[in-house]
Amino acid sequence: MDIRIFDTNEQLDQHAAKLFVDLVNEKPDAVLGLATGSTPIGIYREIIQACNEGKVSFKQVTTYNLDEYVGLAPDNDQSYAYYMSENLFSKVDIPTDHTNLPDGMAADPGKECVRYNALLEASPADIQLLGLGHNGHIGFNEPHEELINGTHVVTLKEETRQANARFFESLDEVPTRAYTMGVGSILKAKSILLVVRGADKAAIVKEALTGPITTQVPASLLQTHPRVIVLLDREAGRMLNSNES
Ligand code: F6R
């Protein structure tokens, strides 16, 4: 694993954005796996700036997002479709029909998983962006005795709903289920970019990157992938070279 630690969020965001910009310039029809949450916002901001300055074009790029809440429509401001439109898609030159997320309003969630998974199988990502949950989740693949390879519906852990409640008016409004790309699909990406910020994630960063590979820490499975780049701020990386646990 290639682990890089940054002094400022700005440096981290610029570095991550450059990886995307360089990839798309090298391969204009690149397939990008994208994430939501607080972690990528600054990275998307830098990508938008690069696009607006004419340093890159997303006209031929295709994107697949990791996850979406079951039951939220794209015009619901808490849906990940809405987040992606607000934070990236509407601000760069990517055609809307090149952007893909699970459909939160699909009438049959089982069929929606099959549809989304077939898309992922047909075009694995050149790079998959990931954030990290406090319990080691990636996408919405929560700690479990076994992990599922393909796209599936998960019942969100209470701790995950609580962590995400900050984006909603109240905890009650946080959906209880979500679609997520499976760990198998995530690991099929040619390269993976894991980004983590904040002291509150220092312990899980250490566990995921240096602890045993276990489905109880889904991000630990990234240790099996040949090309993972990890970008951390100082706080998130502070336990990596210490005996603290
Ligand atoms: C988001 C996602 C989640 C988040 C994780 C960290 O699409 O799949 O796994 O990356 O929950 O969230 P933040 O970035 O809000 O700390």
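Everything in this summary refers to the structure shown in the same document. Because the structure is predicted, anything quoted here is derived from the model rather than measured.

1. Describing the sheet that holds strand β4 (residues 67-69)
Each strand in a sheet pairs with another by means of backbone hydrogen bonds, the pair being arranged parallel or else antiparallel.
Next, step 1: Read from one edge of the open sheet, three strands run β4-β8-β7, paired in antiparallel fashion. Two strands lie at the open edges of the sheet, namely β4 and β7 (152-155), each paired on one side alone. Across the sheet, the mean angle separating the axes of adjacent strands is 30 degrees when strand polarity is ignored.
Next, step 2: Note: β7 against strand β8 (residues 177-180), four bridges, orientation antiparallel. Within β8, the residue paired with His152 across the bridge is Thr180.

2. Observations regarding empty space enclosed by the protein
Next, step 1: Taken as a whole, this structure holds two cavities of 30 Å³ or more when the rule is applied.
Next, step 2: Taken as a whole, the largest cavity holds about 110 Å³ of empty space.
Next, step 3: In terms of lining residues, the largest cavity is bounded by 14 residues, among which Leu120, Ser123, Pro124, Ala125 and Ser185 are the most central.
Next, step 4: Among the elements that line the lining of the largest cavity, the one with the most residues is strand β2 (residues 31-34), at three residues.
Next, step 5: Taken together, Phe20, Leu32, Leu34, Ile47, Phe58, Thr63, Leu88, Phe89, Val92 and Ile94 make up the full set of residues lining the second largest cavity.
Next, step 6: Of the residues in the lining of the second largest cavity, the class split is nine nonpolar, one polar and no charged.

3. What to know about the packing of aromatic side chains
Next, step 1: Taken as a whole and assessed by the stated rule, the structure comprises five aromatic pairs.
Next, step 2: The interplanar angle of 80 degrees and the centroid separation of 5.7 Å between the aromatic rings of Tyr69 and Phe168 together place this pair among those described as edge-to-face. Of the two residues, Tyr69 is situated in strand β4 and Phe168 in the loop between α5 (158-164) and β8; the sequence distance between them amounts to 99 residues. There is no split in this pair, since Tyr69 and Phe168 are both buried.
Next, step 3: Joined through ring pairs, the aromatic side chains of Tyr69, Tyr80, Phe140 and Phe168 make up one cluster.

Conventions adopted
- Note on numbering: residues in each chain are counted from 1, in written sequence order.
- Note on the predicted model: pLDDT of at least 70 is required for a residue's local features to be given, and 80 or more for side-chain atom pairs to be given and counted; whole-chain, interface and lining totals, by contrast, use all residues.
- Only heavy atoms go into the side-chain values, all of them from the structure, while hydrogens and water stay out.
- Paired strands are those between which DSSP finds at least two bridges.
- Helix numbers and strand numbers start at the N terminus; a helix is a DSSP run of H or I with at least 4 residues, a strand a run of E with at least 2.
- Where helices are involved, their axes are fitted lines through C-alpha atoms of the stretch in contact, as for all axes, and angles between N-to-C directions lie from 0 to 180°.
- Within this scheme a cavity is a closed region of a 1 Å grid, computed over the protein atoms alone, that accommodates a 1.4 Å probe without allowing it to escape, whereas a pocket is open but has protein on both sides within 12 Å along at least five of seven lines; lining residues each have an atom within 4 Å of a point.
- Grid points are joined across faces, edges and corners, and a volume is the space filled by probe spheres set on the points.
- As a working rule, the residues Ala, Val, Leu, Ile, Met, Phe, Trp, Tyr, Cys and Pro are called nonpolar, Asp, Glu, Lys and Arg charged, and the rest polar, with Gly in that last group.
- Note on aromatic pairs: the rings of Phe, Tyr and Trp (six-membered ring only in Trp) are paired at centre separations within 6.5 Å, and the planes decide the class, stacked below 30 degrees, edge-to-face beyond 60, tilted for the rest.
- Any residue under 20% of the maximum accessible area for its type is buried, any over 50% is exposed, and the rest in between are partly exposed; the area is computed with a 1.4 Å probe on protein chains only.

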